[in-house]
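Coordinate analysis (summary)
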Amino acid sequence: MNQPIQRGHAAALPLDTILAGDCIEQMLALPEASVDLIFADPPYNLQLRGDLHRPDNSRVDAVDDHWDQFASFEAYDRFTRDWLAAARRLLKPDGAIWVIGSYHNIFRVGATLQDAGYWILNDVVWRKSNPMPNFRGKRLTNAHETLIWAAKSEKSKYTFNYEALKSLNEGVQMRSDWVLPICSGHEREKDAAGDKAHPTQKPLSLLHRVLVGTTNPGDVVLDPFFGTGTTGAAAKMLGRSYIGIEREAAYREVAERRLSRVRAFDRSALEVTGSKRAEPRVPFGHLVERGMLRPGEELYSLGNRYKAKVRADGTLIGNDVKGSIHQVGAHLEGAPSCNGWTYWHFRRDGKFVPIDVLRQQIRAEMRTN
């Protein structure tokens, strides 16, 4: 699955592949503007000093790997600038990036993101429902990590599946604080000795939420710090293509074994609730032009308290007030605004039907044409 480096260009995008080597060099070898989303879990530069022990004196398996060690903050900042520049080159004009980190690095990464031209959309607090306690008792329990979601530029028309995230959250608008458990138990990937394969493996639930909310089926998702492949596993299950970059052979081996076990969801199960804002715009006048409502026909308000007549130009007149379906409804109700599509009803066969039914009929025709 590993691909050689060909600096400057690549003949084709190596989809559903783990690339071996340095993430910056490998990203520079990929085609420009070819990736829809990047999820990055870079080294945190934890600056640990000595071993960490529990109260029973057992040693904590903390992050002390060489890939998380930098000589100075300046060296870390230089590394961050380089990989973020390479990542931005890969993003399509409407692409976006997620970066996750702890208090050790996320503030430095955030500033570098802005300096590099990215446009920050949200910071998300991942509150861990089962965090590791602070064994030394000298600081607060570190119970969260921060994710930064940023578009390639201020003008990017990034993907945001608002309604899908709302559905995931039982019909309530998704907030920027996510309560999810850390990776543990059966989800934790193990090495040949039965120990955890990676010290900072992210939970699948976190990547599921990110990909459902900010990508679409068929999109290409790149993870330059692939580790044991959580991004790839989520992408494969959700019908997205992935590209992973990982320099550590041991992690690649675990990730490849893990991905071989993953099965994509049924195609019909990948559909999510679409954004209402993404629906094609249908002016009320189109209903009049097509004869679905006729000039002079009366519309009735929600609750049947008011009525207004349809005019030939797609406006209404009611109680000597003229204007759009929204303006007339708001005036009659004495409200600052009104959604005329759900407020006004027409009468058919003795029943009151919301005019939005006619709008949805036109939209359905537009999708099939």
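Cut-offs applied
- Residues numbered from 1 in each chain as written.
- Predicted model: local features only at pLDDT ≥ 70, side-chain atom pairs only at ≥ 80, totals over all residues.
- Heavy atoms only, no water.
- Helix = DSSP H or I, 4+ residues; strand = E, 2+ residues; numbered from the N terminus.
- Expected span 1.5 Å × (residues − 1).
- Buried < 20%, exposed > 50% of the residue type's maximum accessible area, 1.4 Å probe, protein only.
- Arc of directions from axis to C-beta.
- Contact = heavy atoms within 4.5 Å.
- Salt bridge = Lys/Arg side-chain N within 4 Å of Asp/Glu carboxyl O.
- Core = buried A, V, L, I, M, F, W, Y, C linked by side-chain atoms within 4.5 Å.
- Pairing = 2+ DSSP bridges.
- Axes fitted to C-alpha atoms, helices over the stretch in contact; angles between N-to-C directions.
- Polar contact = N/O pair within 3.5 Å; in protein donor to acceptor, adjacent residues only side chain to side chain.
- Right-handed = clockwise from strand over helix to strand, strands pointing away.
- Phe/Tyr/Trp six-rings, centres within 6.5 Å; stacked < 30°, edge-to-face > 60°.
- Lys NZ or Arg CZ within 6 Å of the ring centre and 35° of its normal.

**Thoughts on helix 7 (residues 249-261)**
With 13 residues, helix 7 extends 19 Å between its outermost C-alpha atoms, agreeing within 8% with the 18 Å of an ideal straight helix rising 1.5 Å per residue. For helix 7, the complete set of buried residues consists of Tyr-251, Arg-252, Val-254, Ala-255, Arg-258 and Leu-259. Seen from one end, helix 7 has its buried residues packed into an arc of 165°, which puts them on one side. Along helix 7, exposed side chains directed more than 90 degrees from the buried face belong to Ala-250, Glu-253 and Arg-261. Looking at the buried positions of helix 7, the neighbouring elements they touch are strand 1 (17-20), helix 5 (204-214), helix 6 (230-237) and strand 8 (241-246).

**Some words on the pattern of salt bridges**
Pairing is possible between side chains that carry opposite charge, provided their charged atoms lie close to one another. Under the definition given, this model contains 12 salt bridges. Two residues, Arg-175 and Asp-177, come together in a salt bridge whose shortest N-O distance is 2.8 Å. Arg-175 sits in the exposed class, given a relative accessible area of 57%. Under the relative-accessibility criterion, Asp-177 is labelled partly exposed at 35%.

**Overview of the nonpolar core**
Counting residues in hydrophobic clusters, the biggest one holds 32 residues, and the most contacted among them are Trp-98, Leu-147, Trp-178, Leu-206 and Leu-211. In contact with Leu-147, not counting residues within four places along its chain, are Phe-39, Trp-98, Val-99, Ile-100, Asn-122, Asp-123, Val-124, Trp-126 and Leu-206. Counting 29 residues, the second-largest nonpolar core is a separate cluster that includes Tyr-76, Phe-79, Ile-106 and Ile-245.

**Some points on the environment of Tyr-300**
By the element assignment, Tyr-300 lies in strand 9 (residues 298-300). As a C-alpha pair, Tyr-300 and Tyr-343 span 43 residues in sequence and 8.2 Å in three-dimensional space. Sequence-distant contacts of Tyr-300, that is, excluding residues within four places in its chain, are made with Tyr-306, Lys-307, Tyr-343, Trp-344, His-345, Arg-347 and Phe-352.

**Details of the sheet that holds strand 3 (residues 91-101)**
Taken together, the 8 strands give an open sheet; going across it, the order is 1-8-7-2-3-5-4-6, and neighbouring strands pair in mixed fashion. Of all strands in the sheet, those bounded by a partner on one side alone are strand 1 and strand 6 (177-180). On average, adjacent strands in this sheet sit at an angle of 20° to one another, irrespective of strand direction. Helix 3 (residues 106-115) rests against strand 3, strand 4 (119-128) and strand 5 (144-151) of the sheet, and its axis sits at about 165° to strand 3.

**Remarks on the side chain of Ser-102**
Within the secondary structure, Ser-102 is located in the loop between strand 3 and helix 3. Classification of Ser-102 as buried rests on a relative accessible area of 5%. A polar contact of 2.8 Å, which involves the side chain of Ser-102, links it to the side chain of His-104.

**Here we look at unusual backbone geometry**
Excluding glycine, most residues fall at negative phi; most peptide bonds, likewise, are trans. The backbone of Ala-33 shows a phi angle near 50°, a positive value even though the residue is not glycine. Owing to a relative accessible area of 34%, Ala-33 belongs among the partly exposed residues under this scheme. In this structure, Asn-304 takes a positive phi of about 65° despite not being glycine. Tracing the backbone through its elements, the reader meets Asn-304 in the loop between strand 9 and strand 10 (307-310).

**A closer look at the pairing of strand 2 (residues 35-40)**
The side chains of a regular strand alternate, residue by residue, between the two faces of the sheet. Of all 6 residues making up strand 2, 6 are buried, and the element is well covered by its neighbours. Pairing geometry for strand 2 and strand 3, over 5 bridges, is parallel. Considered in strand 3, the bridge of Phe-39 is made with Trp-98. Note that strand 2 and strand 7 (residues 220-223) share 2 bridges and pair parallel. Its bridge partner lying in strand 7, Ile-38 is registered against Leu-222.

**Comments concerning the pairing of strand 8**
In terms of burial, strand 8 is largely enclosed, as 6 of its 6 residues are buried. Neither face of strand 8 is open: one carries Ser-241, Ile-243 and Ile-245, the other Tyr-242, Gly-244 and Glu-246, and all of them are buried. Two strands pair when backbone bridges link them, and strand 1 and strand 8 are joined in this way by 4 bridges, in the parallel orientation. Its bridge partner lying in strand 8, Ala-20 is registered against Glu-246. Read from strand 7 through helix 6 to strand 8, the crossover connection turns out right-handed.

**Let's talk about the environment of Leu-168**
If you trace the backbone, Leu-168 turns up in helix 4 (residues 162-168). Beyond its immediate chain neighbours, meaning those up to four positions away, Leu-168 contacts Met-174 and Val-212.

**Focus on the packing of aromatic side chains**
In the structure shown here, the tally under the stated rule is 12 aromatic pairs. Between Trp-149 and Phe-160, the ring centres sit 5.4 Å apart and the planes meet at 45°, which makes this aromatic pair tilted. Here Trp-149 is found in strand 5, whereas its partner Phe-160 is found in the loop between strand 5 and helix 4, with 11 residues between them in sequence. Phe-160 gets classed as partly exposed once you look at its relative accessible area, which sits at 35%. These aromatic residues form a ring-pair network of at least three members: Trp-98, Trp-149, Tyr-158, Phe-160, Tyr-162 and Trp-178. In this arrangement the basic side chain of Lys-128 is found over the ring face of Trp-126, its NZ or CZ atom lying 5.2 Å from the centre. A cation over an aromatic ring shows up here: Arg-347 above the ring of Tyr-300, its NZ or CZ 5.1 Å from the ring centre.

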